[in-house]
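# An overview of the molecular structure
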Amino acid sequence: MADNSRPARPVLGQNQYGKAENRVVRITRDGATHHIKDLNVSVSLSGDMDEVHYSGSNANVLPTDTTKNTVYAFAKEYGIESAEQFGIHLARHFVTSQEPIHRARIRVEEYAWERIEHSGKGAHSFVRRGQETRLTQITYDGSTWEVVSGLKDLTVMNSTDSEFWGYVKDKYTTLPEAYDRILATEVSGRWRFNWTDDEQQTPDWDESYAQIKAHLLRAFAETYSLSLQQTLYAMATRIIDHRDEIDEVRFSLPNKHHFLVDLEPFGLKNDTADGAVYFAADRPYGLIEATVLRDGCEAKIPADLTNL
Ligand SMILES: O=c1[nH]c(=O)c2[nH]c(=O)[nH]c2[nH]1
């Protein structure tokens, strides 16, 4: 007869551990000309980690402190060629050097710096670029790689060539149809590479990033927009059409609403055609999100980009 006097031990589910947000700045000197790489690297490992949870045995646990040290040591020993290359190197190291570790996920944020032009000696002065943050996430389980890169906080605006009309109207609808409006958003995007650890086929990660950013910006600027949804699809499609290394793109686009201010009380006509004054609302905002896939490919980027 089963002994029901004590409940069965709860079972450990998905678990991972590592050191999050290792801020690493690597300077490379080329004579008086210095180069800078500024990253925020998060390491997350999983594998045979039941015992540390069940009994507290640390026999399989590579300390998170060691993972932090590895990030800094690799930055010095091997340098940082690109966020992706650095993440791949770290992921491979953790999975291949530690038997109990079966999977590594490395997330990298990269902050861009540009040179301060000046007439003095040396090239070692930088100003942080205020635009977007570059992102990558590398996952490796000993056989399969997944590289998803992207960006966040890239704010863009079209001051015309945007309309929104013909939508569903019910008793709660008050939005006036717009035939000439501002379209502004803060782009958060991710793109998944079809790279499979083939040395011959390894993309130039920095060039790929620069090209993808240029394509999405151009598509934003060149699309005459009837909705932010249509613009999103155009941006993602342009990446897939031009970049063979990408199979999947996901965007999360807040619609940064700009409302015409009512200036009638002051006897002023506030008309778009004439150059208008807007109230830039910060919230609430429409949130338009979608994945676009190369034909025949599977969606793997999570729906909620904050989970990536
Ligand atoms: O581009 C837009 N898409 C919408 O779905 C929407 N809804 C809304 O109120 N304004 C807009 N704009």
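Along each chain, residue indices are assigned from 1 in the same order as the chain's sequence is written. The predicted origin of the model limits local features to residues at a pLDDT of at least 70 and limits the giving and counting of side-chain atom pairs to 80 or more, whereas totals for whole chains, interfaces and linings rest on all residues. In computing side-chain values, all of the structure's heavy atoms are included and hydrogens and water are not.

Within the chain, the secondary structure is distributed over five helices and 12 strands. Computation of the radius of gyration draws on C-alpha atoms, with the globule rule given as 2.2 Å multiplied by the number of residues to the power 0.38. Computed over its C-alpha atoms, the radius of gyration of the chain comes to 24 Å, more than 25% above the 19 Å expected for a compact globule of 308 residues. Overall, the C-alpha framework of the chain stretches about 80 × 80 × 40 Å when taken along its three principal axes. Residue exposure (1.4 Å probe, protein chains only): buried if accessible area is under 20% of the type maximum, exposed if over 50%, otherwise partly exposed. Here the chain holds 308 residues, and 40% of them are scored as buried. Intrachain contacts of the chain at a sequence separation of at least 6 include 66% that bridge at least 24 residues. Accessibility throughout is a Shrake-Rupley quantity obtained with a 1.4 Å probe, and a residue counts as covered only by protein chains that appear here. With an accessible surface of roughly 17,700 Å², the chain has 49% of that area assigned to carbon and sulfur atoms. Positive and negative side-chain charges of the chain, numbering 34 and 47 respectively, have mean locations separated by a distance of 5 Å. The helix count covers DSSP runs of H or I at least four residues long, the strand count covers runs of E at least two residues long, and both are numbered beginning at the N terminus. The contact rule is simple, with two residues in contact once any of their heavy atoms fall within 4.5 Å. Positive: Lys, Arg. Negative: Asp, Glu. His and the chain ends are not part of the count. Every charge is mapped to an atom, namely NZ of Lys, CZ of Arg, CG of Asp or CD of Glu.

Before going further, it helps to examine the packing of aromatic side chains. Each Phe, Tyr or Trp ring, with Trp reduced to its six-membered ring, pairs with another whose centre is within 6.5 Å; inter-plane angles below 30 degrees give stacked pairs, above 60 give edge-to-face pairs, and intermediate values give tilted ones. Using the criterion set out here, one finds eight aromatic pairs in the structure. Measuring from centroid to centroid gives 5.5 Å for Trp 145 and Trp 195, while their planes differ by 55°, and the two rings are tilted. With Trp 145 in strand β7 (residues 145–158) and Trp 195 in the loop between β8 (183–193) and α4 (205–222), this residue pair connects regions lying 50 residues apart in the sequence. For Trp 145, a relative accessible area of 8% puts it in the buried group. Between Trp 165 and Tyr 179, the ring centres sit 6.0 Å apart and the planes meet at 20°, which makes this aromatic pair stacked. Highlighted residues: Trp 165 in the loop between β7 and β8 and Tyr 179 in the loop between β7 and β8, separated in sequence by 14 residues. Taken together, the ring pairs in this structure connect Tyr 140, Trp 145, Phe 193, Trp 195 and Trp 205 into an aromatic cluster. Counting as a charge over the ring demands two things of the Lys NZ or Arg CZ atom: a distance within 6 Å of the ring centre and an angle within 35 degrees of the ring normal. The ring of Tyr 54 carries Arg 9 above its face, with NZ or CZ at 3.7 Å from the centroid.

UniProt positions are given in the numbering used here, feature names are shortened, and annotations may be inferred rather than shown by experiment. In the numbering adopted here, UniProt assigns the feature "active site" (unreviewed entry) to Lys 19, Thr 64 and His 257. Look at the named residues: they lie 239 residues apart in sequence, and the longest C-alpha span between them is 43.2 Å, so in the fold they stay spread out. Looking at where Lys 19 falls in the secondary structure, it is placed in the segment before β1 (22–30). In contact with Lys 19, not counting residues within four places along its chain, are Val 41, Ser 42, Val 43, Thr 64, Asp 65, Thr 67 and Lys 68. Looking at where His 257 falls in the secondary structure, it is placed in the loop between β9 (246–255) and β10 (258–260). By relative accessible area, His 257 is classed as partly exposed at 22%. Residues contacting His 257, with those up to four places away along its chain left out, are Phe 279, Ala 280, Ala 281, Pro 284, Tyr 285 and Gly 286.

It is worth spelling out the UniProt feature "binding site: O2" (unreviewed entry) in the chain at this point. As annotated in UniProt, the feature "binding site: O2" (unreviewed entry) corresponds to Thr 64 in the numbering used here. The topology assignment puts Thr 64 in helix α2 (residues 64–77). In contact with Thr 64, other than residues within four places in its own chain, are Tyr 17, Gly 18 and Lys 19.

On to unusual backbone geometry. That bond from Arg 283 to Pro 284 is cis: its omega, -5°, falls within 30 degrees of zero. Structurally, Pro 284 is set in the loop between β11 (278–280) and β12 (286–293). Here the phi dihedral of Glu 21 falls at roughly 60°; this positive angle occurs in a residue that is not glycine. Since its relative accessible area comes to 54%, Glu 21 is described here as exposed. A positive phi angle, close to 65°, is found at Asp 153, a residue other than glycine. Here Asp 153 falls in the partly exposed class, since its relative accessible area comes to 36%.

Moving on, we get to the sheet that holds β9. Read across the open sheet, the eight strands follow the order β1-β2-β3-β6-β7-β8-β9-β12; overall the sheet is antiparallel. The open sheet has two edge strands, β1 and β12, and neither has a second partner. Recorded for the sheet is a direction-independent mean angle of 20° between the axes of neighbouring strands. By this definition, two strands are paired if DSSP reports at least two bridges between them. Pairing of β1 with strand β2 (residues 33–47), which is carried by nine bridges, proceeds in the antiparallel orientation. Orientation is described by lines fitted to C-alpha atoms, with helices fitted over the stretch in contact, and by angles between N-to-C directions that extend from 0 to 180 degrees.

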